[in-house]
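Structure at a glance
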Amino acid sequence: MIPQLVTVHVRPCSGRRVRICIPVVPVALILSPLLVLAVLGGCIACLVFRINPGGALRGAGQVLWALPGTRFEMEQGRTVALVSVK
């Protein structure tokens, strides 16, 4: 299953928690022109480094399928961000 929602919890130095929900599909549709350029660039890189583009796309798809349920935390100074993919 492709992730549908990414939730980011940010706790800035002030200590107040902020929760941001990012829907994946609308963001992907808005950024689709950039995604097309990224896929083309990836295919060109595969050809330059003699990597099978189909295998590279399969690997990227496997990473996307593994994302739902993932949680990770990033910390920079006194600011902490917890990201969970649903």
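The structure presented is a predicted model; accordingly, all values stated were derived computationally and were not measured.

1. Considerations on the environment of arginine 16
With respect to the helices and strands, the residue arginine 16 is situated in the loop between strand S1 (5-11) and strand S2 (18-23). Beyond its immediate stretch of four places on either side in the chain, arginine 16 contacts Val10 and Arg11.

2. Comments concerning a positive patch on the surface
The grouping of Arg11, Arg17, Arg19, Arg71 and Lys86 at the surface amounts to a positive patch. Looking at where arginine 19 falls in the secondary structure, it is placed in strand S2.

3. Comments concerning the sheet that holds S1
Across the sheet, four strands lie side by side as S2-S1-S4-S3; this open sheet has antiparallel pairing. Each end of this open sheet is capped by a strand with a single partner; those strands are S2 and strand S3 (71-76). Direction aside, neighbouring strands of the sheet carry axes that sit 15° apart on average. Where S1 lies against strand S4 (residues 79-85), six bridges are found, and the strand directions are antiparallel. Bridged to valine 8 within S4 is valine 83.

4. Considering the layout of surface pockets
For the largest pocket, the calculated volume is near 350 Å³. Val24, Ala28, Leu35, Ala60 and Leu64 are, among the 13 residues lining the largest pocket, the residues nearest its centre. Elements represented by at least two residues in the lining of the largest pocket include exactly helix H1 (24-30), helix H2 (32-48) and helix H3 (53-66). Ranked by the residues each element gives to the lining of the largest pocket, the list is headed by H3, at four residues. Partitioned by chemical class, the residues of the lining of the largest pocket number 12 nonpolar, one polar and no charged.

5. Focus: the side chain of threonine 7
Assignment of secondary structure puts threonine 7 in strand S1. Under the relative-accessibility criterion, threonine 7 is labelled buried at 4%. Non-local contacts of threonine 7, meaning those with residues more than four positions away in its chain, are made with Arg19, Ile20, Cys21, Leu82, Val83, Ser84 and Lys86.

Calculation notes
- Residues numbered from 1 in each chain as written.
- Predicted model: local features only at pLDDT ≥ 70, side-chain atom pairs only at ≥ 80, totals over all residues.
- Heavy atoms only, no water.
- Helix = DSSP H or I, 4+ residues; strand = E, 2+ residues; numbered from the N terminus.
- Contact = heavy atoms within 4.5 Å.
- Patch = residues over 30% accessible without salt bridge, like charges linked within 9 Å, V, L, I, M, F, W, Y side chains within 5 Å.
- Areas by Shrake-Rupley, 256 points an atom, 1.4 Å probe, with all protein chains shown as cover.
- Salt bridge = Lys/Arg side-chain N within 4 Å of Asp/Glu carboxyl O.
- Lys, Arg positive; Asp, Glu negative; His and termini not counted.
- Charge placed at Lys NZ, Arg CZ, Asp CG, Glu CD.
- Pairing = 2+ DSSP bridges.
- Axes fitted to C-alpha atoms, helices over the stretch in contact; angles between N-to-C directions.
- 1 Å grid on protein atoms, 1.4 Å probe; cavity = no way out; pocket = protein on both sides within 12 Å on 5 of 7 lines; lining within 4 Å.
- Points joined across faces, edges and corners; volume = space filled by probe spheres on them.
- Nonpolar A, V, L, I, M, F, W, Y, C, P; charged D, E, K, R; others polar.
- Buried < 20%, exposed > 50% of the residue type's maximum accessible area, 1.4 Å probe, protein only.

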